Amino acid sequence: MSALEGPSLHLRGHVLLGDSRELTELWVKDGVVTFTRPSAPGTHQRTVEGWVLPGLVDMHAHVGLGASGAVGLAEAEEQARAHRRAGVLAVRDAGSPTDTSPLVHRPHLPRIVRAGRHLARPRRYVRGLARELDDVAGLPEAARQEARAGDGWVKLVADWIDRDLGADADLTPLWPGDVLAAAVAAAHSEAARVTAHTFSAEAVPGLLAAGVDCLEHGTGVPPELMGELAARGVPVVPTLLQVGQFDRFAAQADGKYPRFAARMRRMHENRYAQVRALFDAGVPLLVGTDAGTTVEHGRLADECAELVAAGIPASEVVAAASWRARQFLGLGQLVEGAVADLVVYDADPREDVSVLRSPKAVIVAGENPRR
């Protein structure tokens, strides 16, 4: 290749491709990666040194949701930019009332993998966010429709507080087991995977029996079922930033819903031990912030720090937030000809996860957007 046709970017130092794949350099040309040393550099080639990772992934965020609920596309785009500034170059959008499909292929934004609308029942989730089904029998068809509307994912709300129980109100499952199984089968028939919001222990057996593909939060997964999750390779996205607020939610429920408040406090107090138990049992963990209503967008580094505080090794957290998540989403590995979605750091985040808070460079499809 001539000097004019040469690579635009040369990255060198420590290029982390996977759990046991590391190189000392790579080049970017026409927005894709090459590992072949060029015969001549590009006229305007720039060299960046450091620790290079495939772009980070927020596995649980809600682009299109803000502190007051649904937002317009302009604000949703700014939310996506907040993720990008944090080095997050792929977001699995775990349900949003805003149709963010126009953002999916917009230049310089993270790749957004959409799950369509949450599926819930009336008064059994945050008001205004979910598609609420009056008849539980409608769940399979609704799952089929959301599978067609999304990007290969369907999001089910599996449990929530049942206020109809009055003072005895607590988390209870939303769906009968046979309906849940039919809904998962319907989504699978549309080549979509199913993830489920679950706080409680009670909902987990039905979710496993139905064949769900991922669990969100997982605060109530009982120890006796962790081995089954591990054997099936069903990951959990712990969302510790969100679970860290359970004590506040409990305080809001005090007096009116004492059983629910007590359970939320137990899960808050046990949050680190629960995540460590999942890890020790071999359950795959992925990293997600639950950004949207109560967690700001762009805080993946803080979620990673929470996982380390729970006792997960930093090297495992970095892998879960980068190449393992990309592989799970089907975004592929960093190989010759892959889209150059990369993030560079001055130090090794596997040694100190706080490094993730300060990307040196964020490369989206071979370019380095400035805002």
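Small disclaimer: the values here were computed from a predicted structure and weren't measured.

A short note on the overall build of the chain
So, step 1. Broken down by element type, the chain carries 12 helices and 19 strands.
So, step 2. Whereas a compact globule of 371 residues would reach a radius of gyration of roughly 21 Å, the chain reaches 21 Å, a difference of no more than 12%.
So, step 3. Taking the principal axes of its C-alpha atoms as reference, the chain extends roughly 75 × 40 × 35 Å.
So, step 4. Within the span of the chain, comprising 371 residues, buried residues form 56% of the whole.
So, step 5. Counted over contacts in the chain with a minimum sequence separation of 6, partners at least 24 positions apart contribute 67%.
So, step 6. Counting only carbon and sulfur atoms, one obtains 50% of the accessible surface of the chain, whose full area is about 14,700 Å².

Digging into the environment of Arg259
So, step 1. Within the fold, Arg259 resides in helix α8 (residues 258–269).
So, step 2. By relative accessible area, Arg259 is classed as partly exposed at 46%.
So, step 3. Not counting residues within four places of it along the chain, the set of residues in contact with Arg259 comprises Ala167, Asp168, Ala169 and Asp170.

A word on the sheet that holds strand β15 (residues 193–198)
So, step 1. Reading across from one edge, β11-β10-β12-β15-β16-β17 is the order of the six strands in this open sheet, with parallel pairing throughout. Taken across any chain shown, the strands that pair with only one partner, and hence form the sheet edges, are β11 (131–132) and β17 (236–237).
So, step 2. Looking at chain direction, strand β10 (residues 118–120) and strand β12 (residues 153–157) are connected through two bridges and run parallel. The residue bridging Leu119 from the neighbouring strand is Leu156, located in β12.
So, step 3. Sitting on the sheet, helix α2 (residues 139–149) is in contact with β10, β11 and β12, with an inclination near 140° to β12.

Rules used in this analysis
- Counting restarts for each chain, with residues numbered from 1 along the sequence as it is written.
- In view of the model being predicted, local features appear only for residues whose pLDDT reaches at least 70, and side-chain atom pairs are presented and counted only at 80 or more, with totals across whole chains, interfaces and linings using the full set of residues.
- Based on all heavy atoms of the structure, the side-chain values leave hydrogens and waters out of the count.
- Starting at the N terminus, helices and strands are each numbered in turn, a helix being any DSSP run of H or I of at least four residues and a strand any DSSP run of E of at least two.
- Each radius of gyration reported is based on C-alpha atoms, and the globular scaling rule is 2.2 Å times the count of residues to the power 0.38.
- Throughout, exposure labels follow a simple rule: accessible area from a 1.4 Å probe, protein chains only, divided by the maximum for the residue type, with under 20% read as buried, over 50% as exposed, and the rest as partly exposed.
- Two residues qualify as a contact provided that any one of their heavy atoms is within 4.5 Å of a heavy atom in the partner residue.
- Only the protein chains shown count as cover for residues, with accessible areas throughout obtained via the Shrake-Rupley method and a probe of 1.4 Å.
- Should DSSP find at least two bridges between two strands, the strands are taken to pair.
- Axes, fitted as lines to C-alpha atoms, cover a helix only where it is in contact. Angles between the N-to-C directions of the axes lie from 0 to 180 degrees.

Read these as layout, nothing more, since geometry by itself doesn't imply function.
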